[in-house]
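Residues per chain are reported as follows:
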Amino acid sequence: MTSHNTLRTQSHLRVALFGAGRMGEIHAATLMRHAGARLVGIVDAHRPSAERLAAKHGVAVLEEDAVFDGADIDAVIIASAADSHPDLILRSVAGRKAIFCEKPLARDLECVQSVATVVEASGVPFLLAFNRRFDPDFTALAHRLQAGEIGAVELAIITSRDPAPPPIDYVVKSGGLFRETTIHDIDVARWLTGEDPVSVHATASALTTTAMRDAQLPDTAVLTLKMPSGAIVSINNSWRAAYGYDQRVEVLGEEGMLKLANLRRDGVTRLGASGTWNSNPEPFFLERYANAYSVELDHFITAVRDAQTISPGVADGVKALRIAYAAEESARTGQSVTLG
């Protein structure tokens, strides 16, 4: 069994990566650059994908049992398919491996709560990868709000729009707009305000593709969260923004407003007789949150090695998913949902 004291004395945190897809690619590359960690190997249900990524970074392809049974792995990154997350989390807890997990904990709320109970009781270090909390601009916004720069939050508007909808089969597997995309913005709302909402009202439509409309799977939504203080948070989501990946926040308080603008593809503005032009926002989340992924992983590695507090944790995942489920219910019924 690997103790926290042992982790603190090692020169590198030894990490196994589950998932050789898009997020696995990101985390593998980030791990290879980190001076405090070593990527031991990669596990993926599709072995050719694991072999490809392992060969790229000169590491081993691992079997799942070897990760949990061996004493030579301190931590795991779970970036595999969402339906694999509960079992991998529970096996990691049993093997006393520190856990970095992409959202969601699980698709089903009851399963999420069950997994969270086990994680919290175990004391195993756990990070849920709500990456916006580690983006430098979002972090600066949070710090300035916490410092009281504009007084108490009265109104916040969170805009999050993808350039194009994902394939319909992915939408079905992911749990849909609220649990796949909106859950990030729900976490941002909780984080920026420091409050959990007392009610949620949502309206949603299927507009972007024939497949979405035929399946009546929402791709466009607006949520209103009412906070205990009376502050209101409006979240607007769309899976179609022809101009790029749209990520903006406005927060209004008694003494003014703090505004987080899009990151553009470059900072050049052209001015001419017929008008003014700026470049569009970054094309997608991979580019927009590239820095966040590095900061996020560094937080995890440093916190595990030095036995520091890790945040966001498993409880944040449970709370965000509960709100996402309530938003789904509100969109379905047309009624506000009160949160206990």
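Just so it is clear, the structure is predicted and the values come from calculations on it, not from any experiment. (Residues numbered from 1 in each chain as written. Predicted model: local features only at pLDDT ≥ 70, side-chain atom pairs only at ≥ 80, totals over all residues. Heavy atoms only, no water.)

Caption draft 1: Representation of the overall build of the chain in the model. Across its full length, the chain holds 13 helices and 15 strands. A compact globule built from 340 residues would reach a C-alpha radius of gyration of about 20 Å, and the chain, at 21 Å, matches this within 12%. Along the three orthogonal principal directions, the C-alpha set of the chain runs to about 60 × 50 × 50 Å. Each of the 340 residues in the chain was classed as buried or not, and the buried ones make up 51%. Put simply, 70% of the contacts in the chain that link residues at least 6 apart link residues at least 24 apart. In the form shown here, the chain has an accessible surface area of approximately 15000 Å², with 52% of it arising from carbon and sulfur atoms. Charged side chains of the chain number 33 positive and 41 negative; the gap between the two group centres comes to 3 Å. (Helix = DSSP H or I, 4+ residues; strand = E, 2+ residues; numbered from the N terminus. Rg over C-alpha atoms; globule rule 2.2 N^0.38 Å. Buried < 20%, exposed > 50% of the residue type's maximum accessible area, 1.4 Å probe, protein only. Contact = heavy atoms within 4.5 Å. Areas by Shrake-Rupley, 256 points an atom, 1.4 Å probe, with all protein chains shown as cover. Lys, Arg positive; Asp, Glu negative; His and termini not counted. Charge placed at Lys NZ, Arg CZ, Asp CG, Glu CD.)

Caption draft 2: Representation of the sheet that holds strand β5 (residues 98-101) in the model. Reading across from one edge, β3-β2-β1-β4-β5-β6 is the order of the 6 strands in this open sheet, with parallel pairing throughout. Sheet topology places β3 (60-61) and β6 (126-128) at the edges, where each strand pairs with a single neighbour. Alignment of strand β1 (residues 13-18) against strand β2 (residues 37-43), held across 6 bridges, turns out to be parallel. Across the sheet, residue Leu13 finds its bridge partner in β2, namely Ala37. (Pairing = 2+ DSSP bridges.)

Caption draft 3: Just a nonpolar patch on the surface, in detail. Residues Leu155, Ile157, Ile232, Leu252 and Met257 make up a contiguous nonpolar surface patch of roughly 360 Å² in combined accessible area. Looking at the secondary structure, you find Ile157 in strand β7 (residues 153-161). (Patch = residues over 30% accessible without salt bridge, like charges linked within 9 Å, V, L, I, M, F, W, Y side chains within 5 Å. Salt bridge = Lys/Arg side-chain N within 4 Å of Asp/Glu carboxyl O.)

Caption draft 4: Expanded view of the pairing of strand β11 (residues 246-253). Taken together, the 8 bridges between β7 and β11 define a ladder with antiparallel strand orientation. Across the sheet, the residue bridging to Thr159 is Arg248, located in β11. Judged from the 5 bridges that link them, β11 and strand β12 (residues 256-260) form a sheet pairing that is antiparallel. In the sheet register, Glu250 faces β12, and the bridge partner there is Lys259. Linking β11 to β12, which pair antiparallel, is a turn of 2 residues.

Caption draft 5: The sheet that holds β7, seen in detail. With respect to topology, 7 strands assemble into an open sheet ordered β12-β11-β7-β10-β9-β8-β15, the strand pairing being mixed. Here the strands that pair on one side only, and so sit at the sheet edges, are β12 and β15 (337-338). Across 2 bridges, strand β8 (residues 199-205) lies against β15 in antiparallel orientation. By the bridge assignment for β15, Val200 is matched with Val337.

Caption draft 6: Inspection of unusual backbone geometry at higher detail. In this structure, the amide linkage connecting Lys103 to the following residue, Pro104, adopts the cis form with an omega of 5°. Checked against the element boundaries, Pro104 lands in the loop between β5 and α6 (109-122). Each neighbour pair has its own omega, and for Ser311 with Pro312 the value is 0°, a cis peptide bond. Within the element layout of this structure, Pro312 appears in the loop between α12 (290-306) and α13 (314-333).

Caption draft 7: Representation of helix α3 (residues 47-57) within the structure. For α3, every residue scored as buried is listed here: Ser49, Ala50, Leu53, Ala54 and His57. Seen end-on, α3 carries its buried residues on one side only, within an arc spanning 125°. Projecting away from the buried face of α3 at angles above 90 degrees are the exposed residues Ala55 and Lys56. Packing partners of the buried residues in α3 comprise β1, α2 (22-33), β2 and β3. Phi turns positive, to about 65°, at Gly58, one or two residues after α3. (Arc of directions from axis to C-beta.)

Caption draft 8: Representation of the side chain of Asn131. Structurally, the position occupied by Asn131 is in the loop between β6 and α7 (136-146). The exposure class assigned to Asn131 is buried, which follows from its relative accessible area of 5%. One polar contact links Asn131 to Tyr293, side chain to side chain, over a distance of 3.3 Å. When near neighbours in sequence (up to four residues on either side) are disregarded, Asn131 contacts His184, Tyr289, Ala292, Tyr293 and Glu296. (Polar contact = N/O pair within 3.5 Å; in protein donor to acceptor, adjacent residues only side chain to side chain.)

Caption draft 9: Inspection of the environment of Gly148 at higher detail. Checked against the element boundaries, Gly148 lands in the loop between α7 and β7. Judged by its relative accessible area of 34%, Gly148 falls in the partly exposed class. Once the C-alpha coordinates of Gly148 and Gly253 are considered, the two residues, 105 residues apart in sequence, prove to be 9.3 Å apart.

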